[in-house]
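Commentary on secondary and tertiary structure
Residue-level listing of the chains:
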Amino acid sequence: MELIEKSNSLQFHYFFKENSHTINSILRNECEKELLYLFKELSDTLGLQLSLETLPAEEGGFRETWKFIGKNSAQITLIVSVSAIIISRFPVVNKELNKLQIENLKLDNEIKRKELEKLNLDFIQEDKELIQQTVIDSVELVNKNYKISWRKSNLYKKLNTYQKVDSVEVLRYQEDKPVGNPRKIPRREFSKFILDTDELPKLELENVTIDVISPAIKRGKFRWKGFFNNEIINFLMDDFEFKKQVLNGDIHFSNKFSIEVEMTQDRKINQDGNIIQTNSIVHKVIASIEDGNRVEY
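Residues numbered from 1 in each chain as written. Predicted model: local features only at pLDDT ≥ 70, side-chain atom pairs only at ≥ 80, totals over all residues. Heavy atoms only, no water.

Focus on the confidence of the model for the protein
Put simply, the rule is: The predictor attaches a confidence to each residue, and that confidence, scored 0 to 100, is pLDDT. The numbering of helices and of strands both runs from the N terminus, where a helix is a DSSP run of H or I of at least 4 residues and a strand a run of E of at least 2.
Per-chain confidence: the protein averages 87 in pLDDT, with 89% of residues scoring 70 or above. Of all secondary-structure elements in the protein, the lowest mean pLDDT belongs to helix 3 (residues 99-103), at 56, while strand 5 (residues 165-174) reaches the highest, 97.

Shown next as structure tokens:
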């Protein structure tokens, strides 16, 4: 059972092509933002309550160091170790979010609870030693969170545009002493971490219910408005037969009119890292419901 050496800080080291110790201020702030969001996603996914302190920047290229503060040394060592691995080792699979991430896009509470139970993180309550297998299992869990890959992609996308950076390096520290070997990522490897697109695969929905707010009762590609999944959506009605009945006046609407449908939704990740629906299309109306009365089509 291999133990993980304790660490409480993580250093991100920029190496430059020329002998320089300065960095573009905007680029630095944008990279730090992505790293801080990444740390937050990692700690949230693992259910850890942590805060960060930024230590003074150092020369030698340009070095930034963050000190993690938490309940005990074991959980701090875990987040530092996982962060170092995630930032440096796992390029995006096939330049897209992989199937496992897509299936767990929001990493809902039930999924996370079961995965955390498997990890058996008893050391969160007690200051126990951290074993290597716990770090490996934790990395596997956080890799299911799409925001981890997305934030990492943003980081390397920004670095890739700054020609002055020749490589970056991640190193763990315990107070002011380095721990383990540094993890260096040369510039030629940056592109491996970058997602080709923020678009996500279409979401295919069967037998879902939309509360109709306003139908489109004129001919043309006009959008309907409805209430679905606790939000208002605008959608295209692509069921020709149902739309034909609506246009002919065969279907009448009230404020309690709902439809059971087969629908697809286009999705993408916005600038805040959240999934948004960009286009909803109803392909088939299965039934309508009004005041408890269900009519199939």
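Observations regarding the nonpolar core
Formally: For the purposes of this section, nonpolar cores are sets of buried Ala, Val, Leu, Ile, Met, Phe, Trp, Tyr and Cys residues that join through side-chain atoms within 4.5 Å. Note on classification: 1.4 Å probe, protein chains only; a residue is buried when its accessible area is under 20% of the maximum for its type, exposed when over 50%, partly exposed between these limits. Throughout, a contact is declared for two residues whenever any of their heavy atoms are within 4.5 Å.
Core analysis: the largest hydrophobic core is formed by 44 residues, its most contacted members being Phe12, Tyr14, Ile87, Tyr156, Leu159 and Val168. Residue assignment for this core shows that the elements contributing at least two residues are strand 1 (9-16), helix 1 (25-45), strand 4 (62-69), helix 2 (73-89), helix 5 (132-142), helix 6 (146-161) and strand 5. For this core, the leading source of residues is helix 2, giving 9 residues. Not counting residues within four places of it along the chain, the set of residues in contact with Val168 comprises Phe12, His13, Tyr14, Tyr156, Leu159, Arg183, Lys184, Ile185 and Phe190. By size, the runner-up hydrophobic cluster in this structure holds 19 residues, among which are Leu205, Ile233, Phe235 and Phe242.

Focus on empty space enclosed by the protein
Gaps between atoms show up when a probe of the same size as a water molecule is rolled over them. Stated precisely, the cut-off is as follows: With a 1 Å grid laid over protein atoms only, a set of points is called a cavity when a 1.4 Å probe fits there but cannot get out and a pocket when it is open yet has protein on both sides within 12 Å along at least five of seven lines; lining residues have an atom within 4 Å of a point. Grid points are joined across faces, edges and corners, and a volume is the space filled by probe spheres set on the points. Residue classes follow a fixed rule: Ala, Val, Leu, Ile, Met, Phe, Trp, Tyr, Cys and Pro count as nonpolar, while Asp, Glu, Lys and Arg count as charged, and any other residue, Gly among them, counts as polar.
Per the counting criterion, the structure on display carries 1 cavity of 30 Å³ or more. Estimates place the volume of the largest cavity at around 60 Å³. Surrounding the largest cavity, Ala216, Lys218, Gly220, Lys221, Phe222, Trp224, Leu236, Met237 and Lys243 form its lining. Tallied by class, residues from the lining of the largest cavity come to 5 nonpolar, 1 polar and 3 charged.

A short note on helix 6
Applicable threshold: By this rule, a helix spans an expected 1.5 Å times one less than how many residues it contains. Polar contact is defined as a pair of N or O atoms within 3.5 Å, subject to the rule that within protein one atom must be able to donate a hydrogen and the other to accept it, and that residues adjacent in sequence are counted only when both atoms are side-chain atoms.
For helix 6, built from 16 residues, the straight-helix expectation of 22 Å at 1.5 Å per residue is met to within 8% by its first-to-last C-alpha distance of 23 Å. Of all 16 residues in helix 6, 12 are buried; the element is thus mostly enclosed. Burial in helix 6 covers these residues: Tyr146, Lys147, Ile148, Ser149, Trp150, Arg151, Lys152, Ser153, Asn154, Leu155, Tyr156 and Leu159. With a side-chain oxygen lying 3.0 Å from the backbone nitrogen of Lys147, the N-terminal cap of helix 6 falls on Asn145.

Concerning the pattern of salt bridges
Side chains that differ in sign of charge can pair as their charged atoms come close. Rules: Salt bridges are identified by distance alone: a Lys or Arg side-chain nitrogen within 4 Å of an Asp or Glu carboxyl oxygen.
For the coordinates displayed, the defined rule picks out 10 salt bridges. Ionic pairing is found between Asp266 and Lys202, a salt bridge with its closest N-O pair at 2.6 Å. Note that Asp266 is positioned in strand 10 (residues 257-269) and Lys202 in strand 7 (residues 199-214), a separation of 64 residues in sequence.

Let's talk about helix 7 (residues 240-247)
By the N-cap criterion, in which a side-chain oxygen at the helix start approaches the backbone nitrogen of a residue two or three places on, helix 7 is capped by Asp239, the distance to Glu241 being 3.2 Å. Note on helix 7: the residue one or two positions beyond its end, Gly249, has a positive phi of about 80°.

Re the packing of helix 2 against helix 6
How two helices sit against one another is set out by the angle between their axes and by the gap between those axes. Worth spelling out the cut-off: Inter-axis angles, ranging from 0 to 180 degrees, are taken between N-to-C directions of lines fitted to C-alpha atoms, where helices are fitted over the stretch in contact. Just so you know how the angles are binned, under 35 degrees is roughly parallel, over 145 roughly antiparallel, 65 to 115 roughly perpendicular, and the rest oblique. For a crossing to be left-handed, the near helix must be turned anticlockwise from the far one by less than a right angle; the clockwise case is right-handed.
Close contact between helix 2 and helix 6 brings their axes to 10 Å; oriented N to C, the two are set at 60°. Our classification of the angle between helix 2 and helix 6 gives oblique. In this structure, helix 2 meets helix 6 at a crossing whose hand is right-handed. Together, Ile86, Ile87 and Ser88 of helix 2 and Ile148, Lys152 and Tyr156 of helix 6 make up the contact between the two elements. Taken together, the residues of the contact of helix 2 with helix 6 sort by class into 4 nonpolar, 1 polar and 1 charged.

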